[in-house]
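Here is what each chain is made of, one letter per residue.
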Amino acid sequence: MSHTFPELPYSYDSLEPYIDAKTMEVHYSKHHRTYYDKFIAAVKGTEFESAELASMFSQISQLSPALRNNGGGFYNHVLYWNCMTPNGGGAPNGQLLEAIIETFGSFAQFQQLFTDAAINTFGSGFAWLIVKDGALHVTSTSNQDNPLMDVADIQGEPILALDVWEHAYYISYQNRRPDYIEAWWNVVNWAAVSENYAVALAQGK
Ligand code: MN
């Protein structure tokens, strides 16, 4: 396989009023694009040029900061975009909802735990819902690290990503990260997250 820069699955303005069009445009076409371009430059000629990102992340502690930061930035944003939709929000159903209730007590308790993880991520980073040994966990990572990396505190398969870098919310929310997170719940694509969960389980994650 080769690494390709994906199209955004919706228009820049379609997540308004929760996430503004200018933020989406700069975030996707500048921030994400730059991670991708720098990753492609860094991975060229290495054994990871046509490898799955997961295999590279699993040994990232032994690789260059360029691969870690830009490879992470490339992967993390793809998942973040795919976990949002203009017709999002609400709650999941079926298998994922049952697992969330079993693991966290209720959907509301899960939302609170995830929100706290996102708010309490110091500086730049991401909050995650992951599958580890078939179980759900909420975790967070700094900068462009992710739970597929061997440097992560809790490693597992990410199924939901939330970008809490200031570039994800500063235009509309300035320093108010909690307001951005509260708004973001309205655009979560639970159908996509449920699909990610089903795939992870089917792959024995
Ligand atoms: Mn970002």
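The structure under discussion appears in the preceding block.
These numbers were taken from a predicted model, which means no experiment stands behind them.

Colleague: Which parts of the structure should I look at to understand the overall build of the protein chain?
Modeller: Scanning the protein chain from terminus to terminus reveals 8 helices and 3 strands. Ordered by position in the sequence, the α and β elements of the protein chain form the string α-α-α-α-α-β-β-β-α-α-α. Computed over its C-alpha atoms, the radius of gyration of the protein chain comes to 16 Å, within 12% of the 17 Å expected for a compact globule of 205 residues. In terms of overall dimensions, the protein chain has a C-alpha envelope of 45 × 40 × 30 Å along the principal axes. The buried share among the 205 residues of the protein chain stands at 47%. Long-range contacts, defined as pairs at least 24 residues apart, comprise 69% of the intrachain contacts of the protein chain with a sequence gap of at least 6. For the protein chain, the exposed surface amounts to about 9500 Å²; the carbon and sulfur share of it is 48%. Measuring between centres, the 10 positive side-chain charges of the protein chain sit 9 Å from its 22 negative side-chain charges.

Colleague: Would you mind showing me how to read the sheet that holds strand 1 (residues 125–132) here?
Modeller: Pairing between the strands of a sheet is mediated by backbone hydrogen bonds and can be parallel or antiparallel. Overall, antiparallel pairing links the 3 strands, which are arranged 2-1-3 in an open sheet. Single-partner strands in this sheet number two, and they are strand 2 (135–142) and strand 3 (157–163). Mean inter-strand twist for the sheet, computed between neighbouring axes without regard to direction, equals 20°. Inspection of the sheet shows strand 1 paired to strand 2 by 8 bridges, in the antiparallel sense. The partner of Trp128 across the bridge, within strand 2, is Thr139. Strands in contact with helix 3 (residues 65–82) are strand 1 and strand 3; relative to strand 3, the strand with the most contacts, it is inclined by about 85°.

Colleague: What's the story with the coordination of the manganese ion in this structure? I'm lost.
Modeller: Four donors placed tetrahedrally around a metal ideally meet at 109.5 degrees, and six donors placed octahedrally ideally meet at 90 or 180 degrees. The coordination sphere of the manganese ion, as far as protein atoms go, consists of His27 (NE2), His77 (NE2), Asp163 (OD) and His167 (NE2), spread over 1.9 to 2.1 Å. All donor residues of the manganese ion come from one chain, and their arrangement in sequence is H-x49-H-x85-D-x3-H. Classification of Asp163 as buried rests on a relative accessible area of 0%.

Colleague: Sorry if this is basic, but what is going on with the packing of aromatic side chains here?
Modeller: The relation between two aromatic rings is expressed through the spacing of the ring centres and the mutual angle of the planes. The tally for this structure, following the rule as stated, stands at 21 aromatic pairs. Ring plane angle 45° and centroid distance 5.4 Å describe the contact between Phe5 and Tyr36, whose orientation is recorded as tilted. In this pair, Phe5 is assigned in the segment before helix 1 (21–43) and Tyr36 in helix 1, connecting sequence segments 31 residues apart. A single burial state applies to Phe5 and to Tyr36, both of which are buried. With centroids separated by 5.9 Å and ring planes inclined at 40°, the aromatic side chains of Phe107 and Phe110 adopt a geometry described as tilted. Of this pair, Phe107 and Phe110 both sit in helix 5 (residues 107–119), 3 residues apart, roughly one helical turn. Comparing Phe107 with Phe110 shows no difference in burial state: the two are buried. Each residue in the set Phe5, Tyr12, Tyr28, Tyr36, Phe39, Phe74, Tyr80 and Trp81 is aromatic and connected to the rest through ring pairs, giving one cluster.

Colleague: Help me out: how do you make sense of unusual backbone geometry in this one?
Modeller: Most peptide bonds are trans, and most residues other than glycine sit at a negative phi. In this structure, the amide linkage connecting Glu16 to the following residue, Pro17, adopts the cis form with an omega of 5°. Residue Asn143 is not a glycine yet carries a positive backbone phi of 50°. For Asn143, the position within the fold is in the loop between strand 2 and strand 3. Note on Asn143: relative accessible area 42%, which makes it partly exposed.

Colleague: Looking at this structure, how should I read helix 8 (residues 190–202)?
Modeller: An α-helix turns once every 3.6 residues. As a result, residues three or four positions apart point the same way. For helix 8, built from 13 residues, the straight-helix expectation of 18 Å at 1.5 Å per residue is met to within 8% by its first-to-last C-alpha distance of 18 Å. Where helix 8 is buried, its residues meet helix 3, helix 4 (94–104), helix 5, strand 1, strand 2 and strand 3. In the segment just after helix 8, Gly204 is the residue with positive phi, at about 75°.

The rules behind the values
Residues numbered from 1 in each chain as written. Predicted model: local features only at pLDDT ≥ 70, side-chain atom pairs only at ≥ 80, totals over all residues. Heavy atoms only, no water. Helix = DSSP H or I, 4+ residues; strand = E, 2+ residues; numbered from the N terminus. Rg over C-alpha atoms; globule rule 2.2 N^0.38 Å. Buried < 20%, exposed > 50% of the residue type's maximum accessible area, 1.4 Å probe, protein only. Contact = heavy atoms within 4.5 Å. Areas by Shrake-Rupley, 256 points an atom, 1.4 Å probe, with all protein chains shown as cover. Lys, Arg positive; Asp, Glu negative; His and termini not counted. Charge placed at Lys NZ, Arg CZ, Asp CG, Glu CD. Pairing = 2+ DSSP bridges. Axes fitted to C-alpha atoms, helices over the stretch in contact; angles between N-to-C directions. Donors = N, O, S within 2.8 Å, 3.2 Å for Na, K, Ca; no water. Phe/Tyr/Trp six-rings, centres within 6.5 Å; stacked < 30°, edge-to-face > 60°. Expected span 1.5 Å × (residues − 1).

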